[in-house]
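Fold and contact review
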Amino acid sequence: MNIRPLIITMLLASTPAWARIVVDDSVPEPAAEKPGIQVPGPKGGADNAQTPAAQDSLTFLNKDQLHGILLKIDNSGLSWQSPEAHDPILFKTADLSEIKLDSHHSGNAAKSAERITLTNGDELPGNIVTLDDKTLALDTWYAGRISIPRAMLRRITPLSDSNASLYEGPTGIGDWSVGRMGGGRSWIFRDGALIGNNYGTIGRDMKLPDMSNIEFDLVLRGNSPFSIGLYSDRADNFGNCYMLQLSNGYTELQRFSRLGGSNDLGSTQLQSVMRHEKSHIQLRVNKEKKSIWLIVDDKMVKEWTDPGDFNGAGGNLIFSCQPGTYVRISNIKVSKWDGKFDDSDSPDEKTTDDTVQLANEDKVTGKLESIQDGKAKFSSSYAELNIPLERIEQVDLSGAHTDQAQQGASDVRAYFQEGGSVTMQLAQWDASGCTGSSPNFGKATFSPDAFSRIVFNLSAHQENGAPDDSAADNSGDQGDQ
């Protein structure tokens, strides 16, 4: 077990008291488990019969990290209850990077019918009530009815079964098959992430479709390769599948067989995964074309095409780590893919027409006049169409008359549990509600159960090139949650 020193120095010069958290976040050297004194974690542990209560995690701009419970946020700062302190601690929000709200997941999220993308990149889930030439009225389970100026709209995406996620997580480790190699536990779940620092695999049957998009956030440290198994016919280990290896400086894809070994399908240089604290990995697969694409941080890295038959014999996704490497995987999303790469996502693109992409892959350009009673009224050069929203894959709004909310110095970005995010000036957060304001929707009060994490000091993230999830948890010594 790795025990990191935690020093809390209270400065008692005035009220409120401020605290300085100093955490040794160096990467632990993976080692085989040895007998010794077992120290249970807060509120239970692996030896406790009860499942440990989930905790929030607070990350500072200097990458220090503290676990506990978020109590409230207001003009005085952020109030935090740490298991290492008797009384709540007050922190300045100017020192904060983000909060992961693992203790606030209630499962109350309702299924939204649409997702609204705004010109500043925010994505709000909800149900469209009406849209006219000035305003969109959006019903939400988390903030009631929100009114958004049409000029702030960039895209409307009905969340039909064809574009719904097949998996979003992880939310635990119980529904994964964990390999126990090397004499000990190879993977654990903690703070919304799968963490591996020993030799072994973890896999899950994602029922991967013929056209799939697989994405996740990855923290990778060490010298040994990290492997991903695609379309494996078993979840506990690599079966007949494709094995993608990511390492310090390169990536390669292998055609893997339990009986026939592996065949190399090609490699390429790769530096970004090791250069950044965290990378966003996307894998897109087309079984019919026998092609696999790797995208890292929204940049195409490599396309592989198998000259033989498609080798994946199942629908399992597998991750594998080795001694000497620390792996942290979070924000996994698996969905069907339409086979297209979107090269026209720039919000600065001043197109003159709205565009509707239909479920049958037809595309119509013209003007979106209105939405009411679940139907979109769309005028084209040849006809006026009334299209049910369930037949629409996506609507891209013209950029000719758009506006964009400017990011304020004190703005935060809150990420919804069901996907999407909202940027706002946060006035107050407590157990009764989260109140914020934005030019996109005015003032609104959100349910605190709506969010999975909140990111502070957005300009500092952008200037330093730091990812939102910048702090890796290196303490792989906690039990399953």
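What you see is a predicted model; the values in this text were computed from it and never measured. (Residues numbered from 1 in each chain as written. Predicted model: local features only at pLDDT ≥ 70, side-chain atom pairs only at ≥ 80, totals over all residues. Heavy atoms only, no water.)

**Some points on the side chain of threonine 117**
Here is the rule: Helix numbering and strand numbering both begin at the N terminus, where a helix is a DSSP run of H or I of at least 4 residues and a strand a DSSP run of E of at least 2. Throughout this description, buried means an accessible area under 20% of the type-specific maximum (1.4 Å probe, protein chains only), exposed means over 50%, and partly exposed covers the range between. We call two residues in contact when some of their heavy atoms are within 4.5 Å.
Counting through the fold element by element, threonine 117 comes out in strand β8 (residues 114-118). Owing to a relative accessible area of 5%, threonine 117 belongs among the buried residues under this scheme. Beyond its immediate stretch of four places on either side in the chain, threonine 117 contacts Asp122, Glu123, Leu153, Arg154 and Arg155.

**Points about the pairing of strand β4 (residues 65-74)**
Remark: a regular strand shows side chains that alternate across the two faces of the sheet. Where we set the bar: DSSP bridges decide pairing: two strands pair if at least two such bridges lie between them.
Bridge count for strand β3 (residues 56-60) against β4 is four bridges, and the pairing is antiparallel. The partner of threonine 59 across the bridge, within β4, is glutamine 65. Linking β3 to β4, which pair antiparallel, is a turn of four residues; within it lysine 63 sits at a positive phi near 80°. Bridge analysis of β4 against strand β5 (residues 77-81) gives five bridges, and the strand direction is antiparallel.

**Digging into the nonpolar core**
Threshold: Residues belong to one nonpolar core when they are buried, are Ala, Val, Leu, Ile, Met, Phe, Trp, Tyr or Cys, and are joined through side-chain atoms within 4.5 Å.
One finds Leu78, Met424 and Phe451 to be the most contacted residues of the largest nonpolar core, which totals 53 residues. If you tally residues by element for this core, the top one is strand β34 (residues 421-430), at four residues. Among residues more than four places away in sequence, those in contact with leucine 78 are Leu58, Leu70, Lys72, Ile73, Ile89, Leu90, Phe91, Thr93, Leu96, Ile99 and Phe456. With 37 residues, the next largest nonpolar core counts Trp176, Phe189, Met206 and Leu253 among its residues.

**Quick word on the pattern of salt bridges**
Pairing between side chains of opposite charge can happen when the charged atoms of each approach one another. Stated formally: Salt bridge, as used here: a side-chain nitrogen of Lys or Arg that lies within 4 Å of a carboxyl oxygen of Asp or Glu.
Per the stated rule, a full pass over the model turns up twelve salt bridges. In this structure, arginine 204 and aspartate 175 form a salt bridge, with 3.3 Å as the shortest nitrogen-oxygen distance. With arginine 204 in strand β17 (residues 200-205) and aspartate 175 in the loop between β13 (165-169) and β14 (177-178), this residue pair connects regions lying 29 residues apart in the sequence. With a closest N to O distance of 2.9 Å, arginine 234 and aspartate 236 form a salt bridge.

**Concerning the sheet that holds strand β19 (residues 226-232)**
Strand order across the open sheet formed by seven strands is β14-β17-β26-β19-β20-β21-β22, with antiparallel pairing between neighbours. The open sheet terminates on both sides in strands that have one partner only, identified here as β14 and β22 (261-270). In terms of strand pairing, β14 meets β17 through two bridges, oriented antiparallel. Bridge pairing links serine 177 to glycine 203 in β17.

**Looking at the pairing of strand β35 (residues 433-438)**
Where burial is concerned, most of β35 is hidden: five out of the six residues are buried. In terms of strand pairing, β34 meets β35 through five bridges, oriented antiparallel. Of the residues in β35, the one forming a bridge with glutamine 425 is serine 437. What sits between β34 and β35 in their antiparallel hairpin is a turn of two residues. Across five bridges, the pairing between β35 and strand β36 (residues 442-446) is antiparallel. Opposite serine 438, over in β36, you have glycine 442 as the bridge partner.

**Quick notes on the confidence of the model for the protein**
Defined as follows: By definition, pLDDT measures how confident the predictor is in each residue, and it falls between 0 and 100.
On average, the protein scores 80 in pLDDT, and the residues at 70 or more come to 78%. Element-level pLDDT for the protein is lowest in strand β1 (residues 6-11), with a mean of 38, against a maximum mean of 97 in strand β10 (residues 135-140). Taken as a whole, residues 1-51 scores under 50 in pLDDT and shows 77 contacts with residues more than four places along the chain or in a different chain.

**Overview of the packing of aromatic side chains**
Just so we agree on the cut-off: Put simply, two rings from Phe, Tyr or Trp (the six-membered ring, in Trp's case) pair if the centres are within 6.5 Å, and we call them stacked under 30 degrees between planes, edge-to-face over 60, tilted for the rest.
Inspection of every chain in the model, using the stated rule, returns 15 aromatic pairs. Both rings, one in phenylalanine 60 and one in phenylalanine 91, keep their centres 5.3 Å apart while their planes meet at 75°; by these two values the pair is edge-to-face. Here phenylalanine 60 is found in strand β3, whereas its partner phenylalanine 91 is found in strand β6 (residues 89-91), with 31 residues between them in sequence. Taken together, the aromatic side chains of Trp141, Tyr142, Phe416, Phe441, Phe446 and Phe451 make up a single cluster linked through ring pairs.

**Here's the deal with unusual backbone geometry**
Only a minority of non-glycine residues have a phi that is not negative, and only a minority of peptide bonds are not trans. Omega for the peptide link from glycine 169 to proline 170 comes to 5°, which places this bond in the cis form. Inspection of the secondary structure puts proline 170 in the loop between β13 and β14. Of note, lysine 290 is a non-glycine position whose phi angle comes to about 60°, a positive value. Tracing the backbone through its elements, the reader meets lysine 290 in the loop between β23 (279-286) and β24 (291-296). Even without glycine at this site, asparagine 331 takes up a positive phi of about 50°. Looking at the secondary structure, you find asparagine 331 in strand β27 (residues 325-336). For asparagine 331, a relative accessible area of 36% gives the class partly exposed.

**Thoughts on the environment of valine 129**
Here valine 129 lies in strand β9 (residues 123-131). It is 6.5 Å that separates the C-alpha atoms of valine 129 and aspartate 139, two residues lying ten residues apart in sequence. If near-sequence neighbours (up to four positions away) are discounted, valine 129 is found in contact with Ala137, Asp139, Arg145, Ile371, Gln372 and Asp373.

**Some remarks on the environment of histidine 104**
Tracing the sequence through the fold places histidine 104 in the loop between β7 (96-100) and β8. For the pair histidine 104 and glutamine 55, spaced 49 residues apart in the sequence, the C-alpha separation amounts to 8.6 Å. Residues contacting histidine 104, with those up to four places away along its chain left out, are Asp56, Leu70, Gln417, Trp429, Pro448 and Asp449.

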